[in-house]
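# Secondary and tertiary structure notes
Given next are the chains, with one letter for each unit.
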There are 2 protein chains.
Amino acid sequence: MSRISAAETVDVRFPTSQQLDGSDAMNPDPDYSAAYLTLVSDAGDGLVGAGFVFTIGTGNNIAAEAIQTVADALVGESVEDLLADMGATYRRFVYDSPLRWLGPEKGVVHMAIGAVVNALWDLKAKRAGQPLWQLVSSLSPEELVGLVDFRYLTDALTPEEALEILRRAEPGRAERTAQLLERGYPAYTTTPGWLGYSDEKMVRLAHEAVADGFDQIKLKVGHDLDDDIRRLALARREVGPDIKIAIDANQCWDVDAAIAWVRELQPYDLAWIEEPTSPDDLLGHATIRKALAGVPVATGEHTANRVMFKQLLQLEAIDVMQIDAARVAGVNENIANLLLAAKFGVRVCPHAGGVGLCEAVQHLSMIDFVAVSGSWDNRYLEFVDHLHEHFVDPVRVVDGRYLAPREAGAGTEMLAASVSEYRHSAV
Amino acid sequence: MSRISAAETVDVRFPTSQQLDGSDAMNPDPDYSAAYLTLVSDAGDGLVGAGFVFTIGTGNNIAAEAIQTVADALVGESVEDLLADMGATYRRFVYDSPLRWLGPEKGVVHMAIGAVVNALWDLKAKRAGQPLWQLVSSLSPEELVGLVDFRYLTDALTPEEALEILRRAEPGRAERTAQLLERGYPAYTTTPGWLGYSDEKMVRLAHEAVADGFDQIKLKVGHDLDDDIRRLALARREVGPDIKIAIDANQCWDVDAAIAWVRELQPYDLAWIEEPTSPDDLLGHATIRKALAGVPVATGEHTANRVMFKQLLQLEAIDVMQIDAARVAGVNENIANLLLAAKFGVRVCPHAGGVGLCEAVQHLSMIDFVAVSGSWDNRYLEFVDHLHEHFVDPVRVVDGRYLAPREAGAGTEMLAASVSEYRHSAV
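Residues numbered from 1 in each chain as written. Chains lettered and ligands numbered in written order. Predicted model: local features only at pLDDT ≥ 70, side-chain atom pairs only at ≥ 80, totals over all residues. Heavy atoms only, no water.

## Here's the deal with the sheet that holds strand β2 (residues 33–41) of chain A
All names here are of chain A.
- The strand order across the open sheet built from 4 strands is β3-β2-β1-β14, with neighbouring strands paired in antiparallel fashion. Edge positions in the sheet fall to β3 (48–55) and β14 (423–426), since each has one partner strand and no second. Adjacent strand axes in the sheet meet at a mean angle of 25° when their direction is disregarded.
- In the sheet, β2 pairs with β3 via 8 bridges, with the strands oriented antiparallel. (Pairing = 2+ DSSP bridges. Helix = DSSP H or I, 4+ residues; strand = E, 2+ residues; numbered from the N terminus. Axes fitted to C-alpha atoms, helices over the stretch in contact; angles between N-to-C directions.)

If you want it as structure tokens, here you go:
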């Protein structure tokens with residue numbers, strides 16, 4: 001038996017605001033940051049479990065404090081017990097009543113629980129010698145259902161329905177695993193589209209994206225309508241009619257404004273409108289989707305939890321569910337989200353970028369493909385070409401596709417040298 | 001001109017779990033705690049601005065870290081500038097993009113912003129020599145509208161509609177202020193109802209509540225149906241048919257379970273069912289309310305922000321809006337909540353208890369009565385008789401009514417001796 005011997009959280013900040021990478025209608029100058037956790041055991045195998053909360057600068061210390069508070073409780077506990085029943089381990093954190101009071105199931109504490117849960121999954125996958133997506137995709141339907149918290153979901157998805165979805169996907173698992181290993185998972189790129197980039201830089205990057213094999217790009221919108229029209233026209237002219245262009249407003253509009261603004265951009269053939277309004281405005285998304293019939297509506301990177309996703313689906317408010325690896329309570333809650341999407345027949349195109357979000361979320365799309373929805377039709381993993389060099393097992397995107405990770409773990413471990421160089425402070 | 005010279009946040013925890021005060025279906029053994037902020041200026045007037053986040057123990061340090069992060073930015077700033085336009089001051093915090101990323105507008109960071117906003121209101125009211133409710137109630141309708149952030153609200157409430165509501169209430173302000181000062185605001189009590197109390201203790205406290213002049217009490221339910229039926233029968237027998245009994249499930253049920261369980265309790269004549277399910281499940285509340293036609297549905301103490309309240313109202317999901325003084329972004333966001341309730345004709349019965357929630361929220365109900373809805377019909381402030389002795393200006397509840405505060409300030413300042421005695425740590 002081995003025990004968790006240490007939990008260390010570091011406030012890591014990268015000075016990305018200097019290049020306006022990541023700039024959008026609501027976030028003009030982010031410093032991409034991670035509150036980064038490593039769990040160490042006394043097993044003597046040299047393996048650590050890594051997880052993180054992604055933030056954009058100020059307040060990363062709050063996330064670090066929250067992670068440390070959640071993780072401190074694990075020090076001295078049996079690693080084998082924690083990893084043996086990851087469903088119980090996850091629920092233990094989520095139902096810790098004083099921590100729950102600080103959400104419930106939302107905001108910094110929920111994200112911190114996600115970091116701890118993901119760090120445990122990283123350790124579990126490393127111990128198993130498998131990449132996370134393969135480890136989870138090889139669990140039985142019953143084991144997968146055991147990972148989910150169905151509380152507050154049963155009016156939309158029961159454990160029995162989840163089991164049925166997973167059993168339906170079971171026969172094709174081996175074939176889809178082979179496809180993934182051979183071809184990778186489709187990606188789109190946001191690299192050209194940051195709001196702070198000049199037209200020239202945007203056009204050049206759009207050109208490069210197509211040359212690199214992507215068949216979808218995304219542009220940030222919502223700051224100035226004339227700018228958006230000009231940029232979209234330029235981008236459409238550059239990439240031609242066959243490349244998809246999604247737009248992303250990063251929550252900047254009220255409901256009526258979203259409808260009016262997007263109508264002006266509709267002639268440029270939109271793959272989707274992302275985050276048209278507050279992520280909490282479920283009814284608002286439904287109203288916008290209905291009014292903009294024909295423009296798919298996407299959201300999810302700031303959707304706080306599975307209960308919110310459930311309602312977006314019940315309301316038929318979205319066409320595209322954008323799960324995020326570090327917003328909800330980790331792998332477990334995202335399996336619930338994947339199951340909800342499968343139940344309602346909505347495609348999942350994860351949010352990524354930031355620090356390590358690509359590395360982490362690729363596993364979830366691959367789990368979805370192999371073991372849940374069984375489909376990758378019209379589904380894309382977001383790709384942003386930032387900060388991958390700081391990870392032990394960085395994503396490899398080739399010809400517009402994420403190559404399936406082959407290294408053991410969840411992809412969440414950062415290089416010690418990077419953590420040390422960009423360390424802002426430790427808890 | 002004076003400047004903010006210091007911002008100090010202290011993690012204060014009271015060992016309430018020893019008495020099972022505050023125990024309910026989701027929170028078996030809370031230690032009522034406050035992440036407590038004081039803002040000090042160099043004015044030499046001895047006045048401090050106090051605000052807090054209420055928590056139930058573990059994680060209070062996270063709230064304290066968040067408050068300190070928000071408040072640190074104020075040190076050195078002009079107090080007069082900050083207080084002159086409290087609308088702008090509030091929006092500045094809410095739209096700080098890296099902090100917003102950690103919500104947006106929910107969870108620990110949002111609550112921390114609330115503590116800072118409330119501390120500034122406390123200082124503003126003390127400087128004005130008025131209790132907060134009178135200060136705010138004497139602002140013009142235009143000034144009140146200027147305090148609100150209408151972003152994401154305009155599909156339900158425009159600034160023009162808000163102005164109309166406030167103007168409608170204007171002529172009766174003086175008369176209602178006089179009524180408040182003479183009679184106080186109606187209260188109900190939760191003191192008898194904690195889940196951890198024996199039947200004997202519950203019955204004794206219910207008897208005392210009626211003797212003390214309350215005409216509504218509240219019982220916690222949701223742990224065991226037979227227990228709930230027995231306790232409700234005992235309570236109803238004790239208080240007779242004329243006293244209202246509300247029940248509170250503290251989010252413990254799924255939608256179908258809530259409907260089935262409350263139907264069993266309906267024969268005991270329920271004033272409302274509070275928090276039947278997840279506070280995020282807006283559609284769930286609507287479904288429950290429709291199915292339980294005749295039992296009013298109440299929620300709000302964990303409702304993260306005005307966008308969530310907006311939708312509860314749009315969906316006709318609640319009969320009673322239970323605002324909380326320390327959950328959202330302070331006085332400003334709660335004025336938005338009061339205006340939304342007035343627009344939709346829903347009564348506001350605030351959540352209180354905890355540490356200082358009664359002291360803080362009474363001002364909001366009084367603002368509602370004087371300047372917003374203009375009504376106190378069937379409206380009650382929650383009262384729980386805990387921990388008031390630690391406040392400089394504790395609530396005074398007499399004959400089942402909150403006496404209107406007459407001291408200057410927002411009621412949020414704790415006694416220095418209490419802060420010192422129950423200090424867990426400081427940031």
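## What about the UniProt feature "domain: Mandelate racemase/muconate lactonizing enzyme C-terminal" (unreviewed entry) in chain A?
- Within this numbering scheme, the UniProt entry marks residues 199–295 of chain A as carrying the feature "domain: Mandelate racemase/muconate lactonizing enzyme C-terminal" (unreviewed entry).
- As a span, residues 199–295 of chain A carries 51% helix and 15% strand, and end to end its C-alpha atoms are 25 Å apart. (UniProt positions renumbered as here; feature names shortened; annotations may be inferred.)

## As for the domain arrangement of chain A
Residues and elements named next belong to chain A.
- In terms of domains, chain A is made up of domain 1 (4–130) and domain 2 (166–414).
- Distance between the C-alpha centres of domain 1 and domain 2: 23 Å.
- Of the residues lining the interface, 41 residues belong to domain 1; the matching set on domain 2 comes to 41 residues.
- When the buried surface of domain 1 facing domain 2 is broken down by residue, Phe 14, Ala 25 and Phe 52 rank first, second and third, together holding 18% of it.
- On the surface where domain 1 and domain 2 come into contact, there are 2 salt bridges.
- The partner of Glu 413 in a salt bridge is Lys 126, and the shortest N-O contact between them spans 2.6 Å.
- The tally of links between domain 1 and domain 2 comes to 13 residue pairs in polar contact (both at pLDDT 80 or more).
- For the side of domain 1 that touches domain 2, the secondary-structure elements that each account for two or more residues are β2, β3, α3 (86–94) and α5 (107–128).
- Among the elements that make up the side of domain 1 that touches domain 2, the one with the highest residue count is α5 (10 residues).
- A per-class count over the side of domain 1 that touches domain 2 returns 22 nonpolar, 13 polar and 6 charged. (Domains from an automatic or database assignment. Contact = heavy atoms within 4.5 Å. Buried area = accessible area lost by both parts, 1.4 Å probe. Salt bridge = Lys/Arg side-chain N within 4 Å of Asp/Glu carboxyl O. Polar contact = N/O pair within 3.5 Å; in protein donor to acceptor, adjacent residues only side chain to side chain. Nonpolar A, V, L, I, M, F, W, Y, C, P; charged D, E, K, R; others polar.)

## Concerning the interface of chain A and chain B
- Chain A puts 58 residues into the contact, and the matching count from chain B is 58 residues.
- Counting each side, the surface lost to burial between chain A and chain B is near 5000 Å², with a carbon and sulfur contribution of 59%.
- Counting the surface chain A buries against chain B, the share from its top three residues, Trp101(A), Leu102(A) and Tyr152(A), is 16%.
- The closest approach of N and O atoms between Lys106(B) and Asp280(A), which form a salt bridge, is 2.9 Å.
- Run the count over chain A and chain B and you get 32 residue pairs in polar contact (both at pLDDT 80 or more).

## Digging into the packing of aromatic side chains
All names here are of chain B.
- Summed over all chains, the structure comprises 22 aromatic pairs over all chains.
- An angle of 90° between the planes, with centres 5.1 Å apart, marks the rings of Tyr 32 and Phe 54 as edge-to-face. Taken together, the residues span a long stretch of sequence, with Tyr 32 in the loop between β1 (4–13) and β2 (33–41) and Phe 54 in strand β3 (residues 48–55) at a distance of 22 residues. The pair Tyr 32 / Phe 54 is uniform in exposure class, with both members buried. (Phe/Tyr/Trp six-rings, centres within 6.5 Å; stacked < 30°, edge-to-face > 60°. Buried < 20%, exposed > 50% of the residue type's maximum accessible area, 1.4 Å probe, protein only.)

## A short note on the nonpolar core
- Of all hydrophobic cores here, the largest spans 295 residues; its most connected members are Trp121(A), Tyr402(A), Trp121(B) and Tyr402(B).
- Leave out the neighbours within four places in its chain, and Trp121(A) touches Met86(A), Leu132(A), Leu135(A), Val136(A), Leu139(A), Leu147(A), Val331(A) and Asn332(A). (Core = buried A, V, L, I, M, F, W, Y, C linked by side-chain atoms within 4.5 Å.)

## Side note on the side chain of Asn118(B)
- Along the chain, Asn118(B) turns up in helix α5 (residues 107–128).
- Once residues within four sequence positions are removed from consideration, Asn118(B) is found in contact with Ala50(B), Ala325(B), Gly330(B) and Val331(B).

## Observations concerning the pairing of strand β5 (residues 216–220) of chain B
Residues and elements named next belong to chain B.
- For β5, a buried count of 5 out of 5 residues is recorded, marking the element as mostly surrounded by other parts of the structure.
- Burial along β5 is two-sided: Gln 216, Lys 218 and Lys 220 and Ile 217 and Leu 219, pointing in opposite directions, are all buried.
- Both strand β4 (residues 185–193) and β5 contribute to a ladder of 2 bridges, which runs parallel. Bridging across to β5, Gly 193 finds its partner in Leu 219.
- With helix α10 (residues 199–211) bridging β4 and its parallel neighbour β5, the resulting β-α-β unit is right-handed.
- Pairing analysis gives 5 bridges linking β5 to strand β6 (residues 244–248), with the strands arranged parallel. Among the inter-strand pairings, Ile 217 is bridged to a residue of β6, identified as Ile 245.
- In the classification by handedness, the crossover that spans β5, the intervening helix α11 (residues 225–239) and the parallel β6 is right-handed. (Right-handed = clockwise from strand over helix to strand, strands pointing away.)

## What about the state of the cysteines?
All names here are of chain B.
- For the structure on display, the rule yields 0 disulfides over all chains.
- With no disulfide partner, Cys 358 has as its closest neighbouring cysteine sulfur the one in Cys 349, 14 Å distant.
- Owing to a relative accessible area of 0%, Cys 358 belongs among the buried residues under this scheme. (Disulfide = S-S within 2.5 Å.)

## Description of the sheet that holds β3(B)
All names here are of chain B.
- Taken together, the 4 strands give an open sheet; going across it, the order is β3-β2-β1-β14, and neighbouring strands pair in antiparallel fashion. Unpaired on one side and paired on the other, β3 and β14 (423–426) mark the two borders of the sheet. On average, each strand axis in the sheet is inclined to that of its neighbour by 25°, with strand direction left out of account.
- Summarising the sheet, β1 and β14 pair through 3 bridges and their orientation is antiparallel. Looking across to β14, one finds that Val 10 is bridged to Ala 426.
- Against the sheet, helix α1 (residues 60–72) engages β1, β2 and β3, with an angle of about 175° to β1.

## Thoughts on the relation of the copies chain A and chain B
- Of the transformation placing chain A onto chain B, the axial shift is 0.0 Å and the rotation is 180°, giving an RMSD of 0.0 Å. The symmetry that links the two subunits is that of a two-fold axis. Proximity to the rotation axis, assessed at the C-alpha, singles out Gly107(A) in chain A; its C-alpha lies 2.1 Å from the axis. (Least-squares fit on C-alpha atoms with pLDDT ≥ 70 in both.)

## Some thoughts on the pairing of strand β7 (residues 270–274) of chain B
Residue and element names in this part refer to chain B.
- Most of β7 sits inside the fold, with 5 of its 5 residues counted as buried.
- Relative to β7, β6 runs parallel, the two sharing 3 bridges. Looking at the pairing, Ile 245 lines up with Leu 270 of β7.
- The parallel pair β7 and strand β8 (residues 297–299) is bridged by helix α13 (residues 282–291), and the resulting crossover is right-handed.

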